[in-house]
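# Chain and residue survey
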Amino acid sequence: MSNNQNLRIFINSAMPMTSNTLSLMHIQPTIRHFTQMLSQVLRLEVEIVDHQLLRVAGSGPYRVRIGHPSQNTHLLQHVIDSKQEKAVIDPRADPICQRCGQFGQCGELAFIGLPVLHGDACLGVISLAAVNAEQQQRLRENVKVFSDYVRHISTLLIANLMKNQAPNESMDQLFTTLINSMDQGILVLDEQGTITFANQNALTLLNTRWEILAQQPVTIRPLVASKDFANGNSKH
């Protein structure tokens, strides 16, 4: 991805792993946090479903109906069945979209779906969606970069779930790896607004060292209000 000199802040609440199984729904709190992070970094909408097409987490218009079947079942089912990535840049010209019952009425202008694979099993799909012209252009220009990025994160997620570690240790390692792999400056705050982690890009942007920044309280407020605010996105 191209360098983006933005500093992004995430509030890290408790994210317990409730099961040692590899069901995405069983680690829904972790997936939800991951989805928020991915959407804000890529500036696209994100939807994650399990192998039964039940929505595990989502951003923007996909935040609702968690635990219920996704409405975008045609493309998602194709990814699960084929166990292969599917990219749609122009839904009007895509043969799979043309066979969908929502053809011509779908709100998605572009789509990338990547399977979450463990061995021969597809545990679900991570999908990126464009729901406005700006997102469509951004996705069109970065299909390979975004695909590679999400594929890498999916691999990290599965690898961490498979480790025989205490749940919190495993998830802390996962998010540390994710944050360090981002090309933007990232600060992680706890629910009291105290900085608990900063990647190297954040330290460079702020021209400081971790020893100085660690455990500092931070107050954040939206700088601008926009139509994205209702969908959980705002600028700080």
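Reading the values: rules and limits
- Residues numbered from 1 in each chain as written.
- Predicted model: local features only at pLDDT ≥ 70, side-chain atom pairs only at ≥ 80, totals over all residues.
- Heavy atoms only, no water.
- Helix = DSSP H or I, 4+ residues; strand = E, 2+ residues; numbered from the N terminus.
- Buried < 20%, exposed > 50% of the residue type's maximum accessible area, 1.4 Å probe, protein only.
- Areas by Shrake-Rupley, 256 points an atom, 1.4 Å probe, with all protein chains shown as cover.
- Core = buried A, V, L, I, M, F, W, Y, C linked by side-chain atoms within 4.5 Å.
- Contact = heavy atoms within 4.5 Å.
- Pairing = 2+ DSSP bridges.
- Axes fitted to C-alpha atoms, helices over the stretch in contact; angles between N-to-C directions.
- Salt bridge = Lys/Arg side-chain N within 4 Å of Asp/Glu carboxyl O.
- Expected span 1.5 Å × (residues − 1).

### A few points about the overall build of the protein chain
A tally of helices and strands in the protein chain yields eight helices and eight strands. Within the protein chain, the fraction of its 236 residues that count as buried is 44%. Approximately 12,300 Å² of the protein chain is accessible, and the part contributed by carbon and sulfur atoms is 50%.

### With respect to the nonpolar core
The biggest cluster of nonpolar side chains holds 27 residues, and the ones touching the most others in it are Ile 31, Leu 38, Leu 42, Ile 48, Ile 126, Leu 128 and Val 150. Here this core gets six residues from one element, more than from any other, and that element is helix 5 (residues 143-162). Setting aside its immediate chain neighbours within four residues, Ile 126 contacts Phe 34, Leu 38, Glu 47, Ile 48, Ile 112, Gly 113, Leu 114, Val 116, Val 150 and Ser 154. Leu 53, Leu 75, Val 79 and Phe 111 belong to the second-largest nonpolar core, a separate cluster that totals 12 residues.

### Topic: the sheet that holds strand 5 (residues 110-118)
Strand order across the open sheet formed by five strands is 3-2-6-5-4, with antiparallel pairing between neighbours. The open sheet has two free edges, formed respectively by strand 3 (55-58) and strand 4 (86-88), since each of these has just one partner strand. Averaged over neighbouring strand pairs, the angle between their axes works out to 15 degrees when direction is ignored. As paired strands, strand 5 and strand 6 (residues 121-130) are joined by nine bridges and run antiparallel to one another. Its bridge partner being in strand 6, Val 116 is matched across the sheet by Gly 124. In the packing of helix 4 (residues 133-141) onto the sheet, contacts are made with strand 2 (45-50), strand 5 and strand 6, and the angle to strand 6 comes to roughly 125 degrees.

### Things to note about the pattern of salt bridges
Counted according to the given criterion, the structure contains seven salt bridges. Between Glu 47 and Arg 55 there is a salt bridge, and its shortest N-O distance comes to 2.8 Å. For the pair formed by Glu 47 and Arg 55, the shared burial category is buried. Note that Arg 151 and Glu 85 form a salt bridge whose closest N and O atoms lie 2.5 Å from each other. With Arg 151 in helix 5 and Glu 85 in the loop between helix 2 (73-82) and strand 4, the pair connects residues that are 66 residues apart, well separated along the chain. What makes Arg 151 partly exposed here is its relative accessible area of 37%. Ionic contacts of the salt-bridge type, sharing partners, join the residues Glu 85, Lys 144, Asp 148 and Arg 151 into one network.

### Regarding helix 1 (residues 28-42)
With 15 residues, helix 1 extends 21 Å between its outermost C-alpha atoms, agreeing within 8% with the 21 Å of an ideal straight helix rising 1.5 Å per residue. For helix 1, the buried fraction is high: 12 of the 15 residues fall into the buried class. Listed as buried for helix 1 are Gln 28, Thr 30, Ile 31, His 33, Phe 34, Thr 35, Met 37, Leu 38, Ser 39, Gln 40, Val 41 and Leu 42. Once helix 1 finishes, Arg 43 follows within two positions and takes phi at roughly 55 degrees, a positive value.

### Quick word on the side chain of Gln 136
Tracing the sequence through the fold places Gln 136 in helix 4. The contacts of Gln 136, once residues within four sequence positions are left out, are Ile 89, Leu 109, Ala 110 and Ala 130.

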